[in-house]
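Fold and contact review
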Amino acid sequence: MGGYYTYFSVFLLLAFTSSTIISVQGQGTRVGFYFRTCPRAESIVRATIRSHVNANPTMAPGLLRMHFHDCFVQGCDASILIDGASTEKTALPNLLLRGYEVIEDAKKQLEAVCPGVVSCADILALAARDSVSLSNGPSWPVPTGRRDGRVSLATDAANLPGFTDSINVQIQKFADKGLDIKDLVSLVGGHTIGTSACLFFRYRLYNFNSTTGADPSIDPSFLPTLRSLCPADGDATKRIALDNGSEGRFDSTFFNNLRNGRGVLESDQKLWTDSATQSVVRRFSGPFRGLSRLLFNVEFSRSMVKMSNVGVKTGLEGEIRTVCSKIN
């Protein structure tokens, strides 16, 4: 098995296009940024993530989601980690984020070995990658060299993609970050290891319209399952897997579920019902209209590299926080 993953990692590295590499390096980040200043940085982060994910597997999707939410607000600068009365983590879309203590644990260990060197933003990017690979997903080279931001405002979180967003709105929000439709579908595919609280989709099960009560895009045979997991008067904070039948395992079955009307979030299911994104979903299952099949692991990894370089601060911008939850 180890040989397979080594082979796949080499294949994945070669799969990145030269334009992606040039774009990433042009923003001031590069693979191996800490090679001389903190050579154990990535191994320390990975060991820390492995320890926490082994103890609590739900930390993996939590850390992936946290990195996504960080990058969509102020860029990938760890502003999501800052404590305060009106910081990003207090915004409604961020209230249920998990894993802050994991990042602080990694930071504490890095400060003991390489004080003032490794940014919280880089820890978060590495943690997202390691969370995916520890969930039977791919690994990829993470360009590092980000610096930490000094601004964190809850009001800036208004541009985060939402669970009721139309496809047009989702496409625009991703385009605003330099991400295209294939990136959108690929990154949402990260929900293969994700969960959602009932409060974010229960309205689809009971009060969606006056005719059927339920969202008609839900597979009728799947509806009783969802209703049993999230009763109308049940716990709104109860968390449900977003990839039915493949919980906790990173794979492409998420897209098969969308094709079969088994998407849990309304925004996810719309990837299939809207023609603007349906062709990409189809291509994760096989060739479509003369276009080759897309390999989910490769496309997800490529899109993660693009997203993790949105609005990065490098050089003399920002700072290297000593504690991730506080500005120096």
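Residues numbered from 1 in each chain as written. Predicted model: local features only at pLDDT ≥ 70, side-chain atom pairs only at ≥ 80, totals over all residues. Heavy atoms only, no water.

Moving on: the state of the cysteines. Applying the stated rule across the entire model yields four disulfides. Here C120 is linked by a disulfide to C324, with a sulfur-sulfur distance of 2.1 Å. Judged by the sign of its S-S torsion, about -95°, the bond between C120 and C324 is left-handed. Of this pair, C120 sits in helix α6 (residues 120-133) while C324 sits in the segment after α14 (296-307), placing them 204 residues apart in sequence. Here C120 falls in the buried class, since its relative accessible area comes to 0%. Paired through a disulfide, C198 and C230 show a sulfur-sulfur distance of 1.9 Å. (Disulfide = S-S within 2.5 Å. Helix = DSSP H or I, 4+ residues; strand = E, 2+ residues; numbered from the N terminus. Buried < 20%, exposed > 50% of the residue type's maximum accessible area, 1.4 Å probe, protein only.)

Moving on: the pattern of salt bridges. In total, this model carries 16 salt bridges according to the counting rule given. Residues K313 and D77 are paired through a salt bridge, measuring 3.0 Å at the closest nitrogen-oxygen approach. Highlighted residues: K313 in the segment after α14 and D77 in the loop between α4 (59-71) and α5 (100-113), separated in sequence by 236 residues. Assigned by exposure class, K313 and D77 land together as buried. The shortest N-O distance in the salt bridge between D122 and R146 comes to 2.6 Å. Taken together, the residues span a long stretch of sequence, with D122 in helix α6 and R146 in the loop between α6 and α7 (167-175) at a distance of 24 residues. Neither residue differs from the other here; D122 and R146 are each classed as buried. Through salt bridges with shared partners, a single ionic network connects E42, R46, R129 and D130. (Salt bridge = Lys/Arg side-chain N within 4 Å of Asp/Glu carboxyl O.)

Turning to the UniProt feature "site: Transition state stabilizer" (unreviewed entry) in the chain, a few remarks are in order. Mapped onto this numbering, the UniProt entry annotates "site: Transition state stabilizer" (unreviewed entry) at R65. Excluding residues that lie within four positions of it along the chain, R65 makes contacts with P93, L96, L97 and R239. (UniProt positions renumbered as here; feature names shortened; annotations may be inferred. Contact = heavy atoms within 4.5 Å.)

Sequence positions flagged by UniProt for "active site" (unreviewed entry) are, in local numbering, H69. Here H69 shows up in helix α4. Not counting chain neighbours up to four residues away, the residues in contact with H69 comprise P93, N94, L97 and L160.

The next thing to look at is the confidence of the model for the chain. Taken over all residues, the pLDDT of the chain has a mean of 91, while the share at 70 or more is 91%. Segment residues 1-26 is flagged for pLDDT under 50; beyond a separation of four residues in sequence, or across chains, it makes 28 contacts in the model. (pLDDT = per-residue confidence, 0-100.)

Another aspect to go through is the side chain of T87. With respect to the element layout, T87 can be found in the loop between α4 and α5. Separated by 2.9 Å, the side chain of T87 and the backbone oxygen of I82 make a polar contact. If we skip the residues at most four places from it in the chain, T87 touches I82, S152, L153 and A154. (Polar contact = N/O pair within 3.5 Å; in protein donor to acceptor, adjacent residues only side chain to side chain.)

Here C71 shows up in helix α4. In sequence terms C71 and A125 are 54 residues apart; their C-alpha atoms lie 9.5 Å from each other. Residues within four places of C71 in sequence aside, it is in contact with C76, M307, S308 and V310.

Looking now at helix α12 (residues 266-273). Counting buried positions along α12 yields seven of eight residues, so the element is predominantly enclosed. Looking only at α12, the buried set comprises E266, S267, D268, Q269, K270, L271 and W272. Contacts made by the buried residues of α12 are with α7, α8 (181-188), α9 (203-206), α11 (253-259) and α13 (275-283).

If you look at the biggest cluster of nonpolar residues, it comprises 68 residues, and the most contacted ones within it are L81, I103 and F300. A per-element tally of this core places α6 first, with nine residues. Excluding its chain neighbours within four sequence positions, the residues that come into contact with F300 are L64, V132, W140, S186, L187, G190 and F250. Core analysis: the next-biggest nonpolar cluster, separate from the first, contains 15 residues, I218, L223, L242 and V264 among them. (Core = buried A, V, L, I, M, F, W, Y, C linked by side-chain atoms within 4.5 Å.)

Another point: the packing of aromatic side chains. One pass over the full model with this rule turns up 15 aromatic pairs. Plain terms: the ring middles of F68 and F72 are 4.6 Å apart, the flat faces sit at 25° to each other, and that makes the pair stacked. Summarising the burial analysis for this pair, F68 and F72 share the class buried. Between F163 and Y203, the ring centres sit 6.1 Å apart and the planes meet at 50°, which makes this aromatic pair tilted. Taken together, the residues span a long stretch of sequence, with F163 in the loop between α6 and α7 and Y203 in helix α9 at a distance of 40 residues. F163 sits in the partly exposed class, given a relative accessible area of 29%. Classification of Y203 as partly exposed rests on a relative accessible area of 25%. (Phe/Tyr/Trp six-rings, centres within 6.5 Å; stacked < 30°, edge-to-face > 60°.)

By the burial criterion, the buried members of α7 are I167, Q170, K173 and F174. The buried residues of α7 occupy an angular sector of 125° when the element is viewed end-on, so they sit on one face. Turning to α7, the residues buried within the fold contact α4, α8, α12 and α13. (Arc of directions from axis to C-beta.)

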